[in-house]
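So you can see what is in the structure, the chains are spelled out below.
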Amino acid sequence: MVKEESPQITRRTTRSSALAKCPNNVVEETNASSQPPPTLDDLVLGEEGESFSFDDLVSSFPGRQSQIKELVNLLGPQNSPMLPIFMYGGTSTGKTSILLQTFRHLKRPFVYSSCLTCYNPRILFESILNQLILHRKNAENGYSSAKRCERPSDFVNFVREALVSIIGKLQGQKSGKLSSKRSGKANGNMIYLIFDNLERVRGWDKGSTVLPLLLNLYDTLKMPELGLIFVSNTSPDTYDSNMGYVESNPIYFPDYTDDDLGQILMRNQANKKLYTSFLSVVLRPFSRITRRVDELSTAFSLLFRKYCEPVTDLRVVPNEEMKRRLFSHFQPHIAPALNEVFKVSQPCTEVEARERKQKGRTRKSGGYDVVDQLDFHMSTSAKYLLISAFLASRNPATLDASLFDSTGGSNNRKRKRKVSEKSMEQKETAEQELLMKGPGTFPIERLLAIFQCITSVAEDPLDDEEQAQDGLGIQDGHGGLMSDVLLQLTSLCGANFVVKGGSCPLEGSTRYRSTVSEDMALQVARSIKFPLSKYLYRR
Amino acid sequence: MAPSSSSASSGDSSTPDTTQNHLQHSFVLHKASEKLNSSGKARRRIDLSLTKPDGKKESDESCLRKEAFQLVWSRIESTIKDVLRNMNAHVFNHIRSWVWDSFNAIKPFPTSCLGPFPFVSQATCTQLFTGLLLTNNMEFVDDILTFQELGLSLKSHGCHVANLSSSDFSSKNGISGCLTSLFRHFLMPTFDAADMSIFASWYSQQGNYGYPVVVIIDNMEQCCGAVLSDFILMLSEWVVKIPVILIMGVATTLDAPRNILPSNALQKLCPCKFTLGSPAERMDAVVEAALVRQCSGFAVGHKVAVFLRNYFLNQDGTLTSFVRALKIACVQHFSTEPLSFLLGWLLVKEDSKGVQSEEVVKLASELLSFARNQMAEQSDVKIAPGLTELTRLQKLWSTVVLCLYEAGKCNKTQLLDLYCEALDPDTSNSLASDSRTAIGKGFVQSLSSDHCMLEQNLSYRKGRLICQLVCRVRDLPASLLCQLLNSWENLTVDVLEIHDKVKELQSILKFEEGSCKPDLIEISRRRTSRSPLKIGESQSVNEKAAILMDCMVRDFMKPIECTPFHEIVCFRNVENLQSALIGDSRKMIQVDLLEFHKTLQCSCCRRSGNIPLPSMPDTSIMYTLAQEHGDLINLHDWFQSFKTIVIQYNRKGTCKLKKSPLKKRKERNESENKSEAFIQARFCRAITELQITGLVRMPSKKRRDCVQRVAFGL
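Residues numbered from 1 in each chain as written. Chains lettered and ligands numbered in written order. Predicted model: local features only at pLDDT ≥ 70, side-chain atom pairs only at ≥ 80, totals over all residues. Heavy atoms only, no water.

J.: Break down the overall build of chain A for me, with residues and values.
T.: Counting secondary structure elements, chain A contains 22 helices and eight strands. Burial status across chain A gives 51% buried among its 539 residues. For chain A, restricting intrachain contacts to residue pairs at least 6 apart in sequence, the fraction spanning at least 24 positions comes to 76%. As presented, chain A carries roughly 25,500 Å² of accessible surface, and 53% of it is formed by carbon and sulfur atoms. (Helix = DSSP H or I, 4+ residues; strand = E, 2+ residues; numbered from the N terminus. Buried < 20%, exposed > 50% of the residue type's maximum accessible area, 1.4 Å probe, protein only. Contact = heavy atoms within 4.5 Å. Areas by Shrake-Rupley, 256 points an atom, 1.4 Å probe, with all protein chains shown as cover.)

Structure representation (structure tokens):
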């Protein structure tokens, strides 16, 4: 979640390091069953002998110099005890990447666990213990953990044991430095536990057991060789901090500024000049909406392709005139893309939407053509049911009688009008309230009543038309429309068009709510030639 | 691969069962099951046996019919399966190449360098490649098989595949539930906690590494959004180590993922859209293969066809239920029609001239003569030639229908509609009456008069689909017409009469193309304006094609119900099918409650009419009484009227007016307060039964003294 925005330069180096390691891995691949047992070195990130200086670190994270410095200062020199660190900041501000890269720079052993991947206490505990005990799950041990640990108290005992042994190893390694060549990889005898996505823990049994345990771990264990680092996207205030924990050192990662964003986004571009001119057009409007690097980079990757469409040679250095030309070509795409930022970027959607619009405009009167317009197939009775659900959600229940009662319609309407004259203001506030509330809920009886009304109304004109059109008609179709309405309702619920409130169906108090947009409802109504707008209660 | 494949296959074999079970639930509740149907079949068979004097022959015959059914239905079923598979093959190929492309784009790190701890490396790309497979149908039943086949096809191309269903993403089981079911596809079921690191270490094993992991979620709309988004976030955190590619089935629109997932999960998806064939397309393909091309010889009558069409369009909209309806029709046909076993004989004969055919024909003629004896109206008819004639006519009919369909393809005529109309005996009758006047005229000579005739006919049968098609052929541009003629040529290879004419037309068209190509467009434009004068003089190919089409329809397209012996192969009983398929249980409950004496057939309650009698079952009394109320029934009133009726019985019972053996024991309870309690108990039981059948609803908190009637009318 937090690490996407890592710098391209470092990525390149890691990629190359990974590549460099490849031959080794291929060998390991072929006899994967006999993977070497994990060693202490596996707790350290980065290659042995690789030099990753502080300047490299800072230069790879533009706009984060102060945070990196603070982090390194808080971690302190080798073998110095530290208070827990609490890193926080919005999504995609570089918390995890910076932390990991800092450890790569410092070459200190650490244990990383993300509370997103470790989705319950047991898996979190076991994942930490496995790493500390240097245990690897594989087919031989039946993918089991080193220790089965479900209770927090067990965890504390186990983790103390494991820490003692591993710290002993680290110290031993240091004293016996000369004996092995690889021993130099881990610096110092501190070990750090990193808890990423800490905000997730609040959701586990309401944060009542595990969260205090983790925040209090420093006090509980009382081991100076242990460093704790929490990473979260919410500030420490959102965790009950007045519980008597040791106050942790917070590091705040603010959102990037426009300049930082520009620098970050520029990094892996082949043609920097062209991309600069692109960014000058795009970045300002977009950064008002989001400053998340991951969102911006996905949005921009698509847009940049569009921007480059008129350019034949991608290595060209744009001059002013060309920039202007590109801009005029590109401008119409910006505004729609702005709305698209929060949505899933689909290459086909726009075309699709356009097609749909065109279809909507040139709608045909044939029996099937209109069905196509909907993009997906629904049976006629399901369509009627959907419309009745929409009406039931949209219209106030009190209006049903006047809308659907064909016999008593006139006098009802009179009465309604009188009422509305009397209390216009009251009505207005009620309307506003309705608008704020969104679609209303309704019991199934009301739905069925409306359904019956609109199918019986629609029956007559539809039959005439159909019979005139093609001799088949739907003669016995509508008579039977009622027969498995409940089945249709279930499938509407399944398609998320109607949402069902949870309660016992035998009691009959279940209420439904239609979640269909008006456009969609109108589309459906059009496909069965139902005059929906006549029945809508306009405010 | 070896260990994984065995575990994966074992996992796979378990999944269809679960999905099946998952669905079975709704089948039993809402739809007529086949079980119910087979009981109907049994009953009918008993009826038949009553009329048959010869027991041995009867059993012989029913056995033959059973065999014939097996033969015919297996033929239809396999045809449908093939058709659907072929329809999907194209999309599957697309998906497969996309999977490998995106796998190459991911380029997972060599896993062992990543260490045992789940940290995410520094790639900006934590996006999951996601295929959104639009199924184009709100109902999902049709596509369960599709997704399984997709899984198999990907598996056969080296991917690791897990088929997950929406029930794996329930909020009840949470993220661990869906991870467990995911891992179950790959690992032995012995792991204790579903942890992603297990999955990573599995993937790094020899044989597993280097292939994409495809996770197929068949119906994402029904997934719990929170669980699905957790799942996506988790997978995206690991995608660098395990190259997971998601394929999600979307039943409605592309908005569905947006509605379900939060934006941070959407952010992780890198979607790509695929579309399966729409239900209408699939339906056309199935109808073409199974019914028009007559893979099995089994056919349905016009009314049945219209019913099936309407049921598909209005009620259900799934191919599954269409196929089921077809099967029910087939079963009913073979169980009711004594001569239906000849259909099996026809099939066998078609395949190879079997030895047993003689025997069967003999039996058939015996049966026929037996039937004749009973009906005593027909003179003797040779059955074997009659049957061959029937198949010949059928072939002609299907050829013509396919030609018409070909003509209608350019403007998206649905085969289902065309099929229904082509089956209509009325159409054929009206056509036949026309053709009587036009007989002997052939189709090229005396064009002008024929043309007038055509116009007349067209105006007479205006609005008919077939006539519309004929009209359209006239306005067809030359290139399309050429295409059409080519396809006709292929279709009519077996029918010499039409084939020759088509060839003739083709040669004319070629000649025209050679001579006056520049004019062609103009001519066709002129034709569209269609001033009768010009058409009269230019005997255009279009006109001739249209006339040929008309002739084909008139002379060769004989609906099955107009041919002799059609009873053998054609199912026409639409009422039976309807009741078997729709059922309408709620209505049946009400009818049974009100007209229970039809079922019980007791002597005591027959005369009642609408007046409740004490000898009636309690529930019936209660429901009859409830008819008098509106939607709210006061419990006290209801009880009082119930009591009066029952007590009236008790008094009468003492007078020994009536004695049904059932109620005798009640007579013994003479003491008043005892019977009061007893009546109350009966009242309660009856009302509970009504509640369970869904006819009344229990009192609400607002009105404690009233129950609400739920179902009104029949």
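The rest of the description comes next.
J.: Help me get a handle on the pairing of strand β4 (residues 244-250) of chain B, residues and values and all.
T.: Residues and elements named next belong to chain B. For β4, a buried count of seven out of seven residues is recorded, marking the element as mostly surrounded by other parts of the structure. Of the two faces of β4, the one holding Val-244, Leu-246, Met-248 and Val-250 and the one holding Ile-245, Ile-247 and Gly-249 are both buried throughout. Taken together, the six bridges between strand β1 (residues 128-134) and β4 define a ladder with parallel strand orientation. Its bridge partner lying in β4, Thr-130 is registered against Leu-246. Summarising the sheet, strand β3 (residues 213-217) and β4 pair through five bridges and their orientation is parallel. Following the sheet pairing, Ile-216 is matched in β4 by Ile-247. For the segment spanning β3, helix α7 (residues 225-238) and β4, crossover handedness is right-handed. (Pairing = 2+ DSSP bridges. Right-handed = clockwise from strand over helix to strand, strands pointing away.)

J.: Pulling in residues and values, what's your account of the nonpolar core?
T.: Of all hydrophobic cores here, the largest spans 116 residues; its most connected members are Phe195(A), Leu198(A), Leu179(B), Leu182(B), Phe199(B), Ile217(B) and Phe231(B). The dominant element in this core, judged by the number of residues it contributes, is helix α6 (residues 152-175) of chain A, at nine residues. Beyond its immediate chain neighbours, meaning those up to four positions away, Phe195(A) contacts Ser113(A), Leu124(A), Ile128(A), Leu214(A), Leu217(A), Leu228(A), Ile229(A), Phe230(A) and Val231(A). Core analysis: the next-biggest nonpolar cluster, separate from the first, contains 98 residues, Val400(B), Leu415(B), Leu484(B) and Ala580(B) among them. (Core = buried A, V, L, I, M, F, W, Y, C linked by side-chain atoms within 4.5 Å.)

J.: Account for the pairing of strand β2 (residues 160-164) of chain B, with residues named and values stated.
T.: In summary, the side chains of a regular strand alternate between the two faces of the sheet. All names here are of chain B. Burial analysis of β2 places five of its five residues in the buried class, the great majority of the element. Both faces of β2 are covered, namely the face carrying His-160, Ala-162 and Leu-164 and the face carrying Val-161 and Asn-163. Strand direction decides the pairing type here: β2 and β3, joined by five bridges, are parallel. Counted as the bridge partner of Ala-162 is Val-215 from β3.

J.: Run through the side chain of Ser381(A), naming residues and quoting values.
T.: All names here are of chain A. Inspection of the secondary structure puts Ser-381 in helix α15 (residues 380-394). Of the residues examined, Ser-381 reaches a relative accessible area of 1% and is grouped as buried. At a separation of 3.2 Å, a polar atom in the side chain of Ser-381 contacts the side chain of Gln-488. (Polar contact = N/O pair within 3.5 Å; in protein donor to acceptor, adjacent residues only side chain to side chain.)

J.: Which residues make up the sheet that holds strand β6 (residues 441-443) of chain A, and what values go with them?
T.: Residues and elements named next belong to chain A. An order of β6-β8-β7 is seen for the three strands of this open sheet, with the pairing classed as antiparallel. For this open sheet the edge positions go to β6 and β7 (498-500), each flanked by a neighbour on one side alone. With strand direction ignored, the average angle separating the axes of adjacent strands in the sheet is 35 degrees. When β7 meets strand β8 (residues 511-514), the two strands line up antiparallel, connected through three bridges. Each residue of the ladder has a partner; that of Val-499, found in β8, is Arg-513. Sheet strands touched by α15: β6, β7 and β8. Its angle to β8, the strand with the most contacts, is close to 100 degrees. (Axes fitted to C-alpha atoms, helices over the stretch in contact; angles between N-to-C directions.)

J.: An account of unusual backbone geometry is requested, with residue identities and associated values reported.
T.: Residues and elements named next belong to chain A. The backbone of Asn-79 sits at a positive phi, close to 60 degrees, despite the residue not being glycine. A positive phi angle, close to 65 degrees, is found at Asn-496, a residue other than glycine. Here Asn-496 lies in the loop between α20 (485-494) and β7. The class of Asn-496 is partly exposed, set by a relative accessible area of 33%.

J.: Describe in detail the environment of Leu150(B), supporting the description with residues and values.
T.: Summarising the element assignment, Leu150(B) is placed in helix α4 (residues 143-155). Leave out the neighbours within four places in its chain, and Leu150(B) touches Phe92(B), Ile95(B), Leu133(B), Ile216(B) and Ile247(B).

J.: Describe the sheet that holds β2(B), naming the residues involved and giving the relevant values.
T.: Hydrogen bonds between backbone atoms are what pair the strands of a sheet, whose relative direction is either parallel or antiparallel. All names here are of chain B. The five strands are arranged β2-β3-β4-β1-β5 in an open sheet whose pairing can be described as parallel. The sheet is open, and its two borders are formed by β2 and β5 (269-275), each paired with just one other strand. Strand-to-strand twist of the sheet, defined as the mean angle between neighbouring strand axes without regard to direction, takes the value 20 degrees. The strands touched by helix α6 (residues 196-203) within the sheet are β2, β3 and β4, with β3 carrying the most contacts at an inclination of about 135 degrees. Together, β1, β2, β3, β4 and β5 form the strand contacts of α7, whose direction differs from that of β4 by roughly 155 degrees.

J.: Outline the packing of aromatic side chains, listing residues and values.
T.: Applying the stated criterion to the full structure yields 38 aromatic pairs over all chains. A centroid spacing of 6.2 Å and a plane angle of 85 degrees characterise the contact between Tyr384(A) and Phe530(A), whose relative ring orientation is edge-to-face. Here the residue Tyr384(A) occupies a position in helix α15, and Phe530(A) occupies one in the loop between α21 (518-527) and α22 (532-535), the gap between them amounting to 146 residues. Geometrically, the ring pair formed by Phe639(B) and Phe683(B) is edge-to-face, given 5.1 Å between the ring centres and 75 degrees between the ring planes. With a gap of 44 residues between them, Phe639(B) in helix α30 (residues 635-655) and Phe683(B) in helix α32 (residues 672-692) connect regions that are remote in the sequence. The same class applies to Phe639(B) and to Phe683(B), which are both buried. Among the aromatic residues, ring-to-ring pairing joins Tyr275(A), Phe278(A), Phe286(A), Phe300(A), Phe304(A), Tyr307(A) and Phe330(A) into one connected group. Across the ring face of Tyr256(A), the terminal group of Arg64(A) is positioned such that the distance to the ring centre comes to 4.1 Å. It is Arg202(A) that lies over the ring of Tyr239(A); its NZ or CZ is 5.0 Å from the centre. (Phe/Tyr/Trp six-rings, centres within 6.5 Å; stacked < 30°, edge-to-face > 60°. Lys NZ or Arg CZ within 6 Å of the ring centre and 35° of its normal.)

J.: Please set out the confidence of the model for chain B residue by residue, giving values where relevant.
T.: Residues and elements named next belong to chain B. Residues at a pLDDT of 70 or more form 69% of chain B, whose mean pLDDT is 73. Contacts from residues 516-538, a stretch scored under 50 in pLDDT, to residues over four places away or in other chains number 15 contacts. Contacts for the low-pLDDT stretch residues 652-659, under 50 throughout, to residues beyond four places or in other chains number seven contacts. (pLDDT = per-residue confidence, 0-100.)

J.: I'd like a rundown of the pattern of salt bridges, residues and numbers included.
T.: Throughout the structure, instances matching the rule amount to 21 salt bridges over all chains. For Glu288(B), the salt bridge goes to Arg293(B), with nearest N and O atoms at 3.0 Å. Of the charged contacts in the structure, one is a salt bridge between Glu389(B) and Arg392(B), with a shortest N-O distance of 3.5 Å. Of this pair, Glu389(B) and Arg392(B) both sit in helix α15 (residues 383-408), three residues apart, which is roughly one turn of that helix. One network of salt bridges, with partners in common, ties together Arg292(A), Asp294(A) and Glu295(A). (Salt bridge = Lys/Arg side-chain N within 4 Å of Asp/Glu carboxyl O.)

J.: Residues and numbers for helix α20 (residues 478-491) of chain B, please.
T.: For α20(B), with 14 residues, the first-to-last C-alpha span of 20 Å sits near the 20 Å given by 1.5 Å per residue. Buried residues of α20(B): Ala478(B), Leu481(B), Leu484(B), Leu485(B), Ser487(B), Trp488(B) and Glu489(B), and no others. (Expected span 1.5 Å × (residues − 1).)

J.: Account for the packing of helix α10 (residues 279-292) of chain B against helix α12 (residues 319-336) of chain B, with residues named and values stated.
T.: Residues and elements named next belong to chain B. It is at 11 Å that the axes of α10 and α12 come closest, and there the two elements cross at 20 degrees. By the angle between their axes, α10 is roughly parallel relative to α12. Both α10 and α12 take part in a crossing whose hand is right-handed. Taking contact as the criterion, the partners of Arg-282, Met-283, Val-286, Val-287 and Leu-291 in α10 are, on α12, Leu-319, Phe-322 and Leu-326. Partitioned by chemical class, the residues of the contact of α10 with α12 number seven nonpolar, no polar and one charged. (Parallel < 35°, antiparallel > 145°, perpendicular 65-115°, else oblique. Left-handed = near helix turned anticlockwise from the far one by under 90°. Nonpolar A, V, L, I, M, F, W, Y, C, P; charged D, E, K, R; others polar.)

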